[in-house]
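Next come the chains, spelled out residue by residue.
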Amino acid sequence: MDSSGYFMSVTNYTAATVFAPDGTQVYPTVMDTNGNFFSKDGGGNIIDTLGRTPITVAQSPNTITLSILNTTGTPTTVIITTTPVSANTSFGQTGVAECTGCTVTGIQSIAFPADGSSYN
């Protein structure tokens, strides 16, 4: 234990577990004081303590599709359409790289297919 309040427990000289000052386990997995934790599947999606995948992400070149578990435990789909946006900077600061003719990804629209609503 050090002055930060973090505590490390080592077992068999190799297996370490680290706890935050509030008792939350922060390594090797994040776990709260009630034993709830998150892990990841092979696709990088988060899995909660109950084995659910709260958010699934699928990407294509200009679309991000989110499948989000709602309060009834069924997925709600959100579709984010992206578009390339040209960007130039002129910070004029020593040691800061400028970006001329750069392209960044911007959000063009967010759609909710269940009710047909969207933001543009």
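Residues numbered from 1 in each chain as written. Predicted model: local features only at pLDDT ≥ 70, side-chain atom pairs only at ≥ 80, totals over all residues. Heavy atoms only, no water.

1. Some words on the pattern of salt bridges
A complete count under the given rule lists 1 salt bridge for this structure. Arg 52 serves as the salt-bridge partner of Asp 48, at 2.8 Å between the closest nitrogen and oxygen. You can call Asp 48 buried: its relative accessible area is 10%. The partly exposed category is assigned to Arg 52, whose relative accessible area is 42%. (Salt bridge = Lys/Arg side-chain N within 4 Å of Asp/Glu carboxyl O. Buried < 20%, exposed > 50% of the residue type's maximum accessible area, 1.4 Å probe, protein only.)

2. Regarding the environment of Leu 69
Locating Leu 69 in the fold gives a position in strand S7 (residues 63–69). When neighbours within four sequence positions are excluded, Leu 69 is seen to be in contact with Arg 52, Thr 53, Pro 54, Thr 74 and Pro 75. (Helix = DSSP H or I, 4+ residues; strand = E, 2+ residues; numbered from the N terminus. Contact = heavy atoms within 4.5 Å.)

3. Examining the sheet that holds strand S8 (residues 75–87)
The strand order across the open sheet built from 5 strands is S6-S7-S8-S9-S10, with neighbouring strands paired in antiparallel fashion. Edge positions in the sheet fall to strand S6 (55–60) and strand S10 (117–119), since each of these pairs with one other strand and no more. Each neighbouring strand pair of the sheet contributes to a mean axis angle of 25°, computed without reference to strand direction. Sheet topology places strand S9 (residues 102–112) next to S10; 3 bridges connect them, and they run antiparallel. Each bridged residue has a counterpart across the sheet, and for Phe 112 the counterpart in S10 is Ser 117. (Pairing = 2+ DSSP bridges. Axes fitted to C-alpha atoms, helices over the stretch in contact; angles between N-to-C directions.)

4. Some thoughts on the pairing of S6
Side chains on a regular strand alternate between the two faces of the sheet. Inspection of the sheet shows S6 paired to S7 by 6 bridges, in the antiparallel sense. Residue pairing in the sheet places Thr 56 in a bridge with Ser 67 of S7.

5. A word on the pairing of S7
Count of turn residues in the S6/S7 antiparallel hairpin: 2 residues. Examined bridge by bridge, S7 and S8 share 7 bridges and lie antiparallel to one another. Looking at the pairing, Thr 65 lines up with Ile 79 of S8.

6. Examining the sheet that holds strand S2 (residues 15–19)
As summarised here, the arrangement of the 3 strands in space is S1-S2-S3, forming an open sheet in which the pairing is antiparallel. Looking along the sheet, the strands with just one partner apiece sit at the ends: strand S1 (7–11) and strand S3 (25–27). If you compare each strand with its neighbour and ignore which way they point, the axes differ by 30° on average. The pairing of S2 with S3 spans 2 bridges and is antiparallel. Within the sheet, the bridge partner assigned to Val 18 lies in S3 and is Tyr 27.

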